[in-house]
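Architecture at a glance
So you can see what is in the structure, the chains are spelled out below.
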Amino acid sequence: MFADVVHSMDIAAAVGAERLREIMAELVDITTAVVKRYGGTVDKFTGDGIMALFGAPTALEDHAVRACLAALGVQQEAKRLAVDVQERDGVDLQLRVGLNSGQVIAGEIGSGALGYTAVGEQVGLAQRIESVAPPGGVMLSESTARLAAGAVLGEPELLRVKGAEEPVPVRRLLGMGERHRAAWRAESNLVGRHWEMAAVEGLLERAIDGDGAVVEVGGSPGIGKSRLVREVAAMAAARSVDVFTAFCESHASDIPFYAVARLLRAATGVGDLDASAARAQVRARVPDADPEDLVLFEDLLGIADPEAELPKIDPDARRRRLTALVAAASLARRDPAVYVIEDVHWIDEVSESMLADFMAVTPQTPFLVLITCRPEYRGALSRVPGAQSIALAPLSDSETAALVTDLLGPDSSVGGLTTTIVERAAGNPFFVEEMVRELAERGVLRGNRSAYISTVGATEVSVPATVQAAIAARIDRLSPAAKRTLSAAAVIGSRFDPGLLETLGIEPVLKDLVGGEFIDQITSTEEPEYLFHHPLIRTVAYEAQLKSDRAELHRRLAAVIEARSPASADENAALIAEHLEAAGDLHAAYGWQMRAAAWATNRDIAAARLSWERARNIADALPTDDPNRAAMRITPRTMLCGIAFRVQLNVAGAPFDELRQLCTATGDKASLAIAMAGLVMDHVYRDRLREASQLASDAMALIESVGDPTLTVGLSFAPTYAKVESAEWSDALQWSQRVIDLADGDPAKGNFLFGSPLAIAFTNRAMARYCLGRPGWRDDLNHGLALARSADSLSFAAVVGWVYFAGISFGVLAADDPTVREIEHALRIAERSGDDLALALARMTLGTALVHRPTAAQRDRGQKVLAEVGEVFRCRGHNLCELPIVDVYSARESARSGDRDDAVRLIRAAVDHLFRDQHLLAWGIPATGVLVEMLLDRGAAADAAEARAAIERLAAARADEGLVMRETWLLRLRALLARAHGDDTAYRDYRDRYRDMARTLGFEGHIASAEAMP
Ligand SMILES: Nc1ncnc2c1ncn2[C@@H]1O[C@H](COP(=O)(O)OP(=O)(O)OP(=O)(O)O)[C@@H](O)[C@H]1O
Ligand SMILES: [Mg+2]
């Protein structure tokens, strides 16, 4: 690096040689300090400038980055000095700085402090580059520009060099991004951690070869997780591997997408760009992406075009599609990369689950994913299958001693202190560092890092008891202005910019904070950003303030965030709410939380759930005499019960009872009805059919008592579903009939949960009608399908699912080609825009249709689909009421190639379960059918008797009047049993009656089976 004063001769002429020497001396001092800070050495003075070296004598992997940072730092300091010079001398002081990288011959030439020097062609070139830098600017050679990752560069320019044929390309350095913040610190030498580094290095090498890995680095605060990760990042950078980092933050753990958006912004390199440039960059990266997916992705990154409309899709589909897009983009990336996610103990839930999905594909990528967390973290990212985990233990005493010695230096006066610090620090390197800083600030230690002298005998020194106490003592010694700055910054978060502090009414005093290593500057542009040196410093700075001061800062901050970007107010709603809550402004916090929930409802239902939970807690904390408290407690609770079945949230029991009491006390029947409908769904999904059926009747009574047709139309689907599942067909018929009457042909009436309640009602009435042998079911099915085709994806998937899944299972419909095509179509729509539940339903329907197809290949595929769907139901805990029939079909098909006895055992268990729970008359009918067929087919000793018992059990179950569905099946099963007994007369009789009944009722599936009977 060369730095030179512009027009120094003119300055000399204006101020005189004496004054110029003074100015130069000052310039040299500040430059030397900056160069040192970044690990460089000042090599020599060149009359009116300075030459400095980075990467020699000590080779630093990231010397180019450090040199760039130093160059910008030198310019910044010089500008500060220039203000004084301008005032005093009336002249313009400006510097040019030039950088070049390459091989130099370095060694001791001459002697003394500046004896170490470098010579060669590259040094000469650096000087030439410096001479063409604009005044106040920094110019880089092409080689430095290439090495300095994170550098913000100007356009390439050409420089003619004497004696060289070709002009040399050079580029202006405009600033440094944050990608190399590691370089900002002057770190102590790494001690210990040998095997950890070796292990991660091995994994990094495998990742570079295409076998990626996830590594979890765990350990207590200050133990060295981030440090280990920084070392790995430097190792990766030295191998030219890109490193992308995101930090989770304690105040952002309830802010959806916080971490994942940050990581993706880093990985796509859009961090420093404005929104439209960022969009262009993203589009260039994934040129083939679906335009809708791109809009979703840009929305996630916070760079969406405000004009562009978000596609109308369900949050689950949004998450699936984003995950698929990110996975596809990462699978397509050939260059290895290291992704770092720090402090996942503070991760938000939504990011957590998205990243867990992303990590599942890591083994097939050239990526090393590193996550750090404190030991209390138990979330999904601590259980990534196949991840390696490294638990960092405290440093050994000898390692700690090595660190202390490195920091204190060799002077004999500090020897005793070393022992004291080692004992107290208990192997925590951060505690060591803080103790040393504290002792230095207190005056116990004199001198500089690595060269301290102790002024007090070791036995007389008291050291802080905990690392927090050490930090607190250091904060106490700050000037009031610096302390105010630190306090306000701690309220903002772990990173902040001075502009924001000023808007909060704080005059930022940063110099002492940087000097004392409380904070680090992380970007060096016109508007620098700062970061707390360590998370613990922020915690202590936050907690040490007076509560009332802190609350005031939170309040102002909330207002500033809102005012700063009104367009992103929805996106920031959760953050604003957090600050307002911390400020104690509960009403406002509640409002913002509800707003956040509304925003998230279309983006991520889990995020919406969190916001409702926060809103509920805020409302509960209001004083009891607050007039709005009751209503505020009800609304979020109602929403939580209403969506419980979609997010597998447990609200049965105390949470629901509490809401019921609240609603009863205020006479709020509508809220209670919505919550009840949600709870009914939840009961059914978790296979609590008795509770579901009872609550369904109560809910219907309540809904009717409200007397609002829209509410009735919108909510009836839930209680009706419960009655369908528990085979109370008369109720199902009556309730779906009422919806059809009240909707009066309007497909969208009451569409607050489903796009078309009317379409569902037709499907339900069809089921009730064909089970009870009433006419009109075929028209109902067609009507329902027609309405659903022009409704939303959820309605469409639900209607197609119930029409065909139930229709084919009961033997009413045949699984013919057009049917399979329509189901596949619904499945595609569910994948693109529906929620996970709609998707599972569509897959269950497809699997069911396929296992009713003639060819083995189709049935094999059906079996596979059903086995997967069953697994999803079991793991996620929904649709458990359909699980028995899914298991039955899946077992029947697997028996074709596997163990028949096993299959029979499984099917028997499923039918017994349906019997015990008294819902034999819904899925129990076809399930009994499969059991009987399997038993008779096997024909072992007791099989016929068991088949007979199963038939009689079905026949004896108490049923609604005229359950012709059962009669039809019984005729078929009795025919099969008679044939197994060799009773031909009885067989013919049952078979003919079965065939007649199937034809009379128009049950296509049964007609086909009957005609196939010999
Ligand atoms: N092995 C080591 N040798 C030398 N210094 C170390 C070592 N490990 C950590 N340090 C230093 O100790 C300090 C604390 O380490 P670090 O920030 O990595 O802690 P952490 O485990 O990430 O803590 P937190 O959970 O609070 O984020 C840092 O300044 C780091 O440079
Ligand atoms: Mg850390």
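Residues numbered from 1 in each chain as written. Chains lettered and ligands numbered in written order. Predicted model: local features only at pLDDT ≥ 70, side-chain atom pairs only at ≥ 80, totals over all residues. Heavy atoms only, no water.

**Overview of the environment of Pro757**
By the element assignment, Pro757 lies in helix 32 (residues 757-772). Look at Pro757 and you get buried, because its relative accessible area is 6%. Residues Pro757 and Gly784, 27 residues apart in the sequence, show an inter-C-alpha distance of 9.8 Å. With sequence-adjacent residues up to four places away left out, Pro757 is seen in contact with Val713, Gly714, Val739, Pro747, Lys749, Gly750 and Asn751. (Helix = DSSP H or I, 4+ residues; strand = E, 2+ residues; numbered from the N terminus. Buried < 20%, exposed > 50% of the residue type's maximum accessible area, 1.4 Å probe, protein only. Contact = heavy atoms within 4.5 Å.)

**Some details on the site of ligand 1**
Residues in close proximity to ligand 1 total 23 residues, the closest being Gly222, Lys225, Ser226, Arg227 and Glu433. Gly222 is positioned such that a nitrogen or oxygen atom in its backbone is 2.7 Å from an oxygen atom of ligand 1. Here Lys225 contributes a side-chain N or O atom positioned 2.6 Å from an oxygen atom of ligand 1. The fraction of the free accessible surface of ligand 1 (620 Å²) that becomes covered by protein chains is 98%. Sorting elements by how many residues they give to the shell around ligand 1 places helix 7 (residues 225-238) first, with 4 residues. (Near = heavy atom within 4 Å. Polar contact = N/O pair within 3.5 Å; in protein donor to acceptor, adjacent residues only side chain to side chain. Areas by Shrake-Rupley, 256 points an atom, 1.4 Å probe, with all protein chains shown as cover.)

**Quick word on the sheet that holds strand 10 (residues 213-218)**
One open sheet accounts for 5 strands, arranged 11-12-13-10-14; its pairing is parallel. The strands lining the two open edges of the sheet, one partner per strand, are strand 11 (242-247) and strand 14 (388-391). Between one strand and the next, the sheet's axes are offset by a mean angle of 15°, whatever the strand orientation. Of the strand pairs in this sheet, strand 10 and strand 14 are connected by 4 bridges, and their pairing is parallel. Across the sheet, Val215 pairs through a bridge with Gln388, a residue of strand 14. Across the sheet, helix 8 (residues 258-268) lies against strand 11 and strand 12 (337-342), angled at about 155° from strand 11, the strand it touches most. (Pairing = 2+ DSSP bridges. Axes fitted to C-alpha atoms, helices over the stretch in contact; angles between N-to-C directions.)

**Some points on the sheet that holds strand 9 (residues 168-176)**
Either a parallel or an antiparallel arrangement is found when strands of a sheet pair, and the pairing is made through backbone hydrogen bonds. Across the sheet, 7 strands lie side by side as 2-3-1-4-7-9-8; this open sheet has mixed pairing. At either margin of the open sheet sits one strand with a lone partner, and together these are strand 2 (41-45) and strand 8 (151-159). Strand-to-strand twist in this sheet, taken as the mean axis angle between neighbours without regard to direction, amounts to 25°. Looking at chain direction, strand 4 (residues 95-99) and strand 7 (residues 138-141) are connected through 3 bridges and run parallel. Its bridge partner lying in strand 7, Gly98 is registered against Met139.

**Some remarks on the side chain of Asp520**
Within the fold, Asp520 resides in strand 18 (residues 519-523). Residue Asp520 is classed as buried on the basis of its relative accessible area, which comes to 10%. For Asp520, the side chain forms a polar contact with the side chain of His533, separated by 3.0 Å.

**Let's talk about unusual backbone geometry**
Where the residue is not glycine, phi is negative for most of them; where a peptide bond is considered, it is trans in most cases. The phi dihedral of Arg193 falls on the positive side, at around 60°, and the residue is not glycine. Secondary-structure assignment places Arg193 in the loop between strand 9 and helix 6 (194-208). Assessed through its relative accessible area of 9%, Arg193 is described here as buried. If you check the backbone angles, Asp687 has positive phi at about 65° while not being a glycine. Checked against the element boundaries, Asp687 lands in the loop between helix 27 (669-685) and helix 28 (689-706).

**Examining the packing of helix 38 (residues 883-897) against helix 39 (residues 900-916)**
Relative orientation of the contacting elements helix 38 and helix 39 amounts to 165°, with a least axis distance of 9 Å. Here helix 39 runs roughly antiparallel to helix 38, going by the angle between their axes. Note that helix 38 runs across helix 39; the crossing there is left-handed. Across from Pro884, Val888, Ala891, Arg892 and Ala895 in helix 38, the residues of helix 39 making contact are Arg900, Ala903, Leu906, Ile907, Ala910, His913 and Leu914. For the contact of helix 38 with helix 39, the per-class residue count stands at 9 nonpolar, 1 polar and 2 charged. (Parallel < 35°, antiparallel > 145°, perpendicular 65-115°, else oblique. Left-handed = near helix turned anticlockwise from the far one by under 90°. Nonpolar A, V, L, I, M, F, W, Y, C, P; charged D, E, K, R; others polar.)

**Brief notes about the packing of aromatic side chains**
This structure, assessed with the given rule, holds 17 aromatic pairs. Between Trp802 and Trp923 the ring centres are 6.1 Å apart and the planes differ by 20°, which places this aromatic pair in the stacked class. Taken as a pair, Trp802 in helix 34 (residues 793-810) and Trp923 in the loop between helix 39 and helix 40 (924-938) lie far apart in primary sequence, 121 residues in all. The class of Trp802 is buried, set by a relative accessible area of 12%. Looking at Trp923, the relative accessible area reads 2%, which means it is buried. Each ring, one from Phe805 and one from Trp923, has its centre 4.9 Å from the other, and the planes form 55°; the classification is tilted. With Phe805 in helix 34 and Trp923 in the loop between helix 39 and helix 40, this residue pair connects regions lying 118 residues apart in the sequence. Across the pair, exposure class does not vary: Phe805 and Trp923 are buried alike. (Phe/Tyr/Trp six-rings, centres within 6.5 Å; stacked < 30°, edge-to-face > 60°.)

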